[in-house]
Amino acid sequence: MSRRSRWITLGAVWGAVVVAAVVAPFYLEGFWLQTGLFAMSAAVGAIGINLLTGATGQLSLGHAFFLAVGAYAYVYLSTDVGLPTPLAAVVAVLLAGAAGGAFSPIAGRLKGAYLGIATLALIFGGQHVLFNAEPLTGGYNGRPVPPMELFGFVFADTPDLVLLNVPFGALERLWFLGLLVLAAAAAFARGVLRGRPGLAMNTIRDHEIAAGVMGVPVARYRAGVFVLSSMYGGLAGVLVALVFQRAVPDYFGFLLSLDYLAMIVIGGLGSVAGAVIGAVFVSLLPQLLTRYSDSLPLVAEPGSGGVSPAEAARILYGAAVVTVVLFLPGGLLGLATRLRRVIPRIKELRWPNSATAPASRR
Amino acid sequence: MTTFLELLANGISVGAVYALIALGFVVIFKATEVVNFTHASLLLAGGFLVAKLHPALGFWLALAAGVAGAALVGALIEFLIIRRARVGSHGVLAIVTIGVDILLTTELTRQIGTDVLALGDPWRDQVLHLGPITIAETRVVALGVAAALITAFLLAFKFTGWGVAMRATAEDAETAALMGVRLGRVSLSAWAVAGALAAIAALFLCVFPTPGLDRSTTAAAMKAFPAAILGGLDSTTGALAGGLIVGVTEALMSGYQSQLAFLGRGIGDAAPFLVMIAILLFRPAGIFGTKELARV
């Protein structure tokens, strides 16, 4: 493919994605909108953890905690303190970052899987706090989340709003907020990864000593990336809370952290697109299985004793994590890239005399 | 004072069980440099086998089957997955073990469901009176068995050919291979041993005063992670010390919960992790861990 035609294809693909995303709420029913919104918030969180684990090589099993900080800080600040909701959201993200910063003496010094075990403390300590600090978190039953209100526009079912004959409820409105937040989060992370910080992070992952010798402050970078990724976690937490309309402590447990790790491994470690693809995959899978459980073999309806959709999804993506690492280094994103390289080559084999033999395959 | 001694005795006994789990964890790390997150599910697999087989086979045979089964599962994970994964960094291997853990834990907890499975142990709920202290018989047995197993393991580590091969691999895998140590066998045996130790630990985590094996057993098993890391991931001594620290802290914190009410309910479950953080703040490599140094 020539350079120009590649730009055209790329533009067409992106155009299609944007159009599909904007049109979606006019056609999809509530169930899928909600699933899509979860996927968006998961994507934001996964981008954050991919900066940490994929790009810098630091494992974290504690990111569910930062989601909890974001969600509960938003609830607390907007309900109890009475901050305007957008400000509450921003401060919630900053607080999640501060929580990550408070962990930085550990996040900066430990590397890789060691850090993974240490961050288990965030989960178990966090769960303890969530269940016990009742005035703040509502204890076991959680707390209702006030809807976001931006310049007088409320992201809730009331007041009624009908656009092109489609009633625009909370989910439809949040859909666009989610898209904007995700786009901004992705653009920022892409900037970080493509610039000097990204190079430094990759060098730390690949060879810590070499990074240090070349003048990268390794500990400070590790701590910094940890803070950044915890802010992404907090942002994802705020989004999840807005979609759920209720924050319950149980949700922010160890399994959620595992979900996030599965996302980045399946999607592709170290890139923004990989995180987004993985997040969509892992969030859609259980919902798809739930929706079509009666027509799928081996999957039983919930509560009937067989493999429930949630369990089947978990087993599937546990297996996906293993398969991806064994056979598809680079994840689904890596698979797409490889296919893109292989397909022209196959064409070349089929028509050896073809005039369009690629001069620049890359 | 009596309460304190009782709690301490219980703590040491539970700590010895954590030390067993942590020891397996450390052995795998030393032999293959993989941080093994499947450990909790290995433990669950061992316990599950014992619980399911004891009505048919009787307790002792079931225990043997559980130990063998968990060892086999460990060996299979190494043989089928860890050995085949051609990845650059050990961090990615840790993520693979997380994937395996998701698989195993989901399936096992699904099998267990909401049941609480008894393990059919011969000690039941008998208690011993040692002077003023009352302690469950299971706790005494746990301490004895754990101490015996740990001693046997450390002796084997020091004096047998297998132990020498293992230590040589941990020191420098490449040189060990050149000297004729079969790395595949070393790592396979490490996983098998870790599985067997985890199965024994599962038994003692699920007997009286715990009601039995249920979904929450994995959570109990996860307390061995802080035990392993606070002692130092590459140190067998560290695993023992870590296990005891975690066990005693947990027992004391839960025992004096009413006096520590300001810390909230269930502080005993969070305590091992808080202790780990406190220790890692001062010694990032753990108490007995070797600090990584590099000459540039």
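Parameters and conventions
- Residues numbered from 1 in each chain as written.
- Chains lettered and ligands numbered in written order.
- Predicted model: local features only at pLDDT ≥ 70, side-chain atom pairs only at ≥ 80, totals over all residues.
- Heavy atoms only, no water.
- Helix = DSSP H or I, 4+ residues; strand = E, 2+ residues; numbered from the N terminus.
- Buried < 20%, exposed > 50% of the residue type's maximum accessible area, 1.4 Å probe, protein only.
- Contact = heavy atoms within 4.5 Å.
- Areas by Shrake-Rupley, 256 points an atom, 1.4 Å probe, with all protein chains shown as cover.
- Buried area = accessible area lost by both parts, 1.4 Å probe.
- Salt bridge = Lys/Arg side-chain N within 4 Å of Asp/Glu carboxyl O.
- Polar contact = N/O pair within 3.5 Å; in protein donor to acceptor, adjacent residues only side chain to side chain.
- Patch = residues over 30% accessible without salt bridge, like charges linked within 9 Å, V, L, I, M, F, W, Y side chains within 5 Å.
- Pairing = 2+ DSSP bridges.
- pLDDT = per-residue confidence, 0-100.
- Axes fitted to C-alpha atoms, helices over the stretch in contact; angles between N-to-C directions.
- Parallel < 35°, antiparallel > 145°, perpendicular 65-115°, else oblique.
- Left-handed = near helix turned anticlockwise from the far one by under 90°.
- Nonpolar A, V, L, I, M, F, W, Y, C, P; charged D, E, K, R; others polar.
- 1 Å grid on protein atoms, 1.4 Å probe; cavity = no way out; pocket = protein on both sides within 12 Å on 5 of 7 lines; lining within 4 Å.
- Points joined across faces, edges and corners; volume = space filled by probe spheres on them.
- UniProt positions renumbered as here; feature names shortened; annotations may be inferred.
- Phe/Tyr/Trp six-rings, centres within 6.5 Å; stacked < 30°, edge-to-face > 60°.
- Arc of directions from axis to C-beta.

(A) Representation of the overall build of chain A. Within chain A one finds 15 helices and six strands. Within chain A, buried positions represent 48% of all 362 residues. Put simply, of all contacts in chain A between residues at least 6 apart along the chain, 72% involve residues at least 24 apart. When the accessible surface of chain A is totalled, it reaches about 17,100 Å², and 67% of it is carbon and sulfur.

(B) Region of the structure containing the interface of chain A and chain B. With 41 residues of chain A at the contact, the number on the chain B side is 40 residues. Carbon and sulfur atoms supply 81% of the area that chain A and chain B bury against each other, a total of about 3,500 Å² over both sides. Connecting chain A to chain B are zero salt bridges. Applying the counting rule to chain A against chain B returns one residue pair in polar contact (both at pLDDT 80 or more). Listed by contribution, the elements that provide at least two residues to the side of chain A that touches chain B are helix H5 (104–107), helix H6 (112–132), helix H10 (208–213), helix H12 (254–267) and helix H14 (309–327) of chain A. In terms of residues, the side of chain A that touches chain B owes the most to one element, H6(A), which gives 11 residues.

(C) Representation of a nonpolar patch on the surface. Together, A:Trp7, A:Leu10, A:Val13, A:Trp14, A:Val17, A:Val18, A:Val19, A:Val22, A:Val23 and A:Tyr27 line one region of the surface with nonpolar side chains, adding up to about 1,000 Å² of accessible area. Here A:Trp7 is to be found in helix H1 (residues 3–27).

(D) Region of the structure containing the pairing of strand S1 (residues 127–130) of chain B. Here S1(B) pairs with strand S2 (residues 133–136) of chain B via four bridges, running antiparallel. Within S2(B), the position partnered with B:His129 by the bridge is B:Thr134.

(E) The arrangement of the confidence of the model for chain A in detail. On average, residues of chain A score 82 in pLDDT, and 89% of them are at 70 or above. Across chain A, the secondary-structure element scoring lowest on mean pLDDT is strand S4 (residues 162–163) of chain A, at 69, and the one scoring highest is helix H11 (residues 218–244) of chain A, at 90.

(F) Just unusual backbone geometry, in detail. One non-glycine residue, A:Gln245, adopts positive backbone phi at about 65°. Along the chain, the position of A:Gln245 falls in the loop between H11 and strand S6 (246–247). Judged by relative accessible area, A:Gln245 falls into the partly exposed class, the value being 42%. With a phi angle near 60°, B:Glu33 is a residue other than glycine that sits in the positive phi range. Examined against the element boundaries, B:Glu33 turns out to sit in the loop between helix H1 (2–32) and helix H2 (39–57).

(G) Region of interest: the packing of helix H2 (residues 30–55) of chain A against helix H8 (residues 170–194) of chain A. All names here are of chain A. Interaxial distance between H2 and H8 falls to 10 Å at its minimum, and their mutual angle equals 15°. By the angle between their directions, the pair H2 and H8 is classed as roughly parallel. Relative to H8, H2 is oriented so that their crossing is left-handed. Only Leu171, Glu172, Leu174, Trp175, Gly178, Leu179, Val181, Leu182, Ala185, Ala186, Ala189 and Leu193 of H8 make contact with H2, whose side of the interface consists of Gly30, Leu33, Gln34, Gly36, Leu37, Met40, Ala43, Val44, Ile47, Leu51 and Ala55. Class assignment of the residues belonging to the contact of H2 with H8 gives a composition of 18 nonpolar, four polar and one charged.

(H) Structural detail: empty space enclosed by the protein. The final tally for this structure, using the stated rule, is two cavities of 30 Å³ or more. Approximately 60 Å³ is the volume attributed to the largest cavity. If you go around the largest cavity, the residues you meet are A:Leu61, A:Phe254, A:Leu258, B:Phe37, B:Ala40, B:Ile98, B:Asp101, B:Met222 and B:Phe225. Every element with two or more residues in the lining of the largest cavity is listed here: H12 of chain A together with helix H4 (90–112) of chain B. Across the lining of the largest cavity, the residue classes tally to eight nonpolar, no polar and one charged. As a volume, the second largest cavity reaches approximately 30 Å³. If you list the elements that add at least two residues to the lining of the second largest cavity, you get helix H3 (63–81) and H6 of chain A. It is H6(A) that provides the largest number of residues to the lining of the second largest cavity, a total of five residues.

(I) Representation of the UniProt feature "transmembrane region" (unreviewed entry) in chain B. Residues and elements named next belong to chain B. With numbering matched to this structure, UniProt assigns "transmembrane region" (unreviewed entry) to residues 12–29, 57–81, 140–157, 188–208, 228–248 and 260–282. Here residues 140–157 is 100% helix and 0% strand, with 25 Å between the C-alpha atoms at its ends. Overall, residues 188–208 shows 90% helix and 0% strand. The separation of its end C-alpha atoms is 33 Å.

(J) The arrangement of the environment of B:Val193 in detail. With respect to the helices and strands, the residue B:Val193 is situated in helix H8 (residues 183–206). Residues B:Val193 and B:Ala68 lie 125 residues apart in sequence; the distance between their C-alpha atoms is 9.7 Å.

(K) Geometry of the packing of aromatic side chains. All names here are of chain B. By the definition in use, this model includes 15 aromatic pairs over all chains. On the basis of an interplanar angle of 20° and a centroid distance of 5.5 Å, the ring pair of Phe153 and Phe157 is categorised as stacked. Here Phe153 pairs with Phe157, and both are found in helix H5 (residues 137–159), just four residues apart, close to one helical turn. The two residues Phe153 and Phe157 agree in class, both being buried. Ring centres 6.1 Å apart and planes at 75° place the aromatic pair Phe153 and Trp162 in the edge-to-face group.

(L) Expanded view of the side chain of A:His128. Mapped onto the elements of the fold, A:His128 is located in helix H6. The contacts of A:His128, once residues within four sequence positions are left out, are B:Leu263, B:Gly264, B:Arg265, B:Gly266, B:Ile267 and B:Ala270.

(M) Spatial organisation of helix H9 (residues 196–206) of chain A. All names here are of chain A. Inspection of H9 places Gly198, Ala200, Met201 and Ile204 among the buried residues, and these make up the whole buried set. Angular distribution of buried residues about the axis of H9 spans 165°; they occupy a single face of the element. Summarising the geometry of H9, the exposed residues directed more than 90 degrees from the buried face are Arg196, Leu199 and Asp206. Residues of H9 that are buried sit in contact with H2, H8, H10 and H11.

(N) Layout of the environment of A:Thr158. By secondary structure assignment, the location of A:Thr158 is in the loop between strand S3 (153–154) and S4. In this structure, the C-alpha to C-alpha distance between A:Thr158 and A:Phe327, residues 169 residues apart in sequence, is 50 Å.

(O) The pattern of salt bridges, seen in detail. By the definition in use, this model includes eight salt bridges over all chains. With a shortest N-O distance of 3.0 Å, A:Arg205 and A:Asp206 are connected by a salt bridge. Note on A:Arg205: relative accessible area 35%, which makes it partly exposed. Look at A:Asp206 and you get exposed, because its relative accessible area is 55%. In this structure, B:Glu250 and B:Lys223 form a salt bridge, with 2.9 Å as the shortest nitrogen-oxygen distance. Taken as a pair, B:Glu250 in helix H11 (residues 236–255) and B:Lys223 in the loop between helix H9 (217–222) and helix H10 (224–231) lie far apart in primary sequence, 27 residues in all. Both residues of the pair, B:Glu250 and B:Lys223, count as buried. Taken together, the shared-partner salt bridges connect A:Lys111, A:Glu208 and A:Arg222 into one network.

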